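# An overview of the molecular structure
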Amino acid sequence: MTTPEIQISPDPATLAEEAARRFVAAAAAASAARGRFTVALSGGSTPRALLRLLAAPPYRDRVAWDRVHVAWGDERCVPPDDEQSNYRMAREALLDHVPIPHEQIYCIPTEEPDHEVAARVYDATLRRLFNPDPGEWPRFDLIHLGLGPEGHTASLFPGSPALDERDRLVAAPWVEKLSAHRITLTPPVINAAREVAFLVAGAEKAAIVRTILRGPRDPAEYPAQIVAPTDGRLTWLLDRAAAAHLD
Ligand code: 6PG
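An account of the accompanying structure is given in this report. Here the structure is a predicted model, which is why all the values come from computation and not from measurement. Throughout, residues of each chain are indexed from 1 in the direction in which the sequence is written. Under the rules for a predicted model, residues below a pLDDT of 70 receive no local features and side-chain atom pairs below 80 are neither given nor counted, while totals for whole chains, interfaces and linings still include all residues. Only hydrogens and water are set aside when side-chain values are computed; all heavy atoms of the structure are taken into account.

### Some thoughts on the pairing of strand E8 (residues 180–185)
At least two DSSP bridges between two strands are required for those strands to pair. Helix and strand assignments come from DSSP, with helices taken as H or I runs of at least 4 residues and strands as E runs of at least 2, each series counted from the N terminus. In this structure, strand E4 (residues 74–76) lies alongside E8, joined through three bridges in antiparallel fashion. Following the sheet pairing, Arg76 is matched in E8 by Arg182. Note: strand E6 (residues 170–171) against E8, two bridges, orientation antiparallel. Within E8, the residue paired with Val170 across the bridge is Leu185. Bridge analysis of strand E7 (residues 174–175) against E8 gives two bridges, and the strand direction is antiparallel. What sits directly across from Trp174, in E8, is His181.

Here it is, written out as structure tokens:
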């Protein structure tokens, strides 16, 4: 079982700085070792401050953006210009401001009306990006994840059949709570990463952070507990408010 590194920052702004420093370091290490850096961004609102930091000096100038390949851990089934789109948030906060080659940005094709087709297209995109050996999983250098108040991560929600997916890279589960489908990386892809970093801020997450990190293991109920990289680092980047219930 992966022992997580837990890093607690005083406030959300310092948390974003810590995450930016780690992003820069991970990008440099991956580029040096493999000539590129493959990262899956998280959705939601927490990552926005981090992405904005990366879009401006000094962090922008410390990343070899021509070597960065950006994908997403999950996406809402909305058009890419919808205000709910994780892609739109990342484009506005980061991608419009850094010189990543357009062909190195791997959006989840939500303009495809059939969510199952969208999942299959994204699955094929990832297979082309990583060209995994038979029986191997694509291995992102870094996957960012957020944490929902009830313990979901990416778009792996409590009770989701996607939690049991062991063959496909990408699933398109119905999320009862949202009355919507989502597109999400599956647990085997997440757990194949060289590093998975949760980015969690705010007092409203303190109880669920404690449950995930200190509570009994029940991934069906608390999907974030399924994240345990097989041969990679697990990092929890928290602000003090989100870490308040950790002893
Ligand atoms: C999404 C996510 C989701 C998110 C958490 C936390 O598309 O919403 O990927 O897993 O990371 O719900 O969201 P906040 O950062 O907005 O609290």
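### A word on the site of the ligand
Residues are classed as near a molecule or strand on a simple rule: at least one heavy atom within 4 Å of it. Around the ligand there are 16 residues in total, and Thr46, Asp74, Arg76, Ala154 and Lys205 lie nearest to it. The definition of a polar contact used here is a pair of N or O atoms within 3.5 Å, where within protein one atom must be able to donate a hydrogen and the other to accept one, and adjacent residues in sequence count solely through side-chain atom pairs. Within the contact set of the ligand, an oxygen atom lies 2.7 Å away from a side-chain nitrogen or oxygen of Asp74. Note that an oxygen atom of the ligand is positioned 2.7 Å from one of the backbone N or O atoms of Ala154. Gly falls in the polar group here, along with every residue not listed as nonpolar (Ala, Val, Leu, Ile, Met, Phe, Trp, Tyr, Cys, Pro) or charged (Asp, Glu, Lys, Arg). In terms of residue class, the shell around the ligand is made up of two nonpolar, ten polar and four charged.

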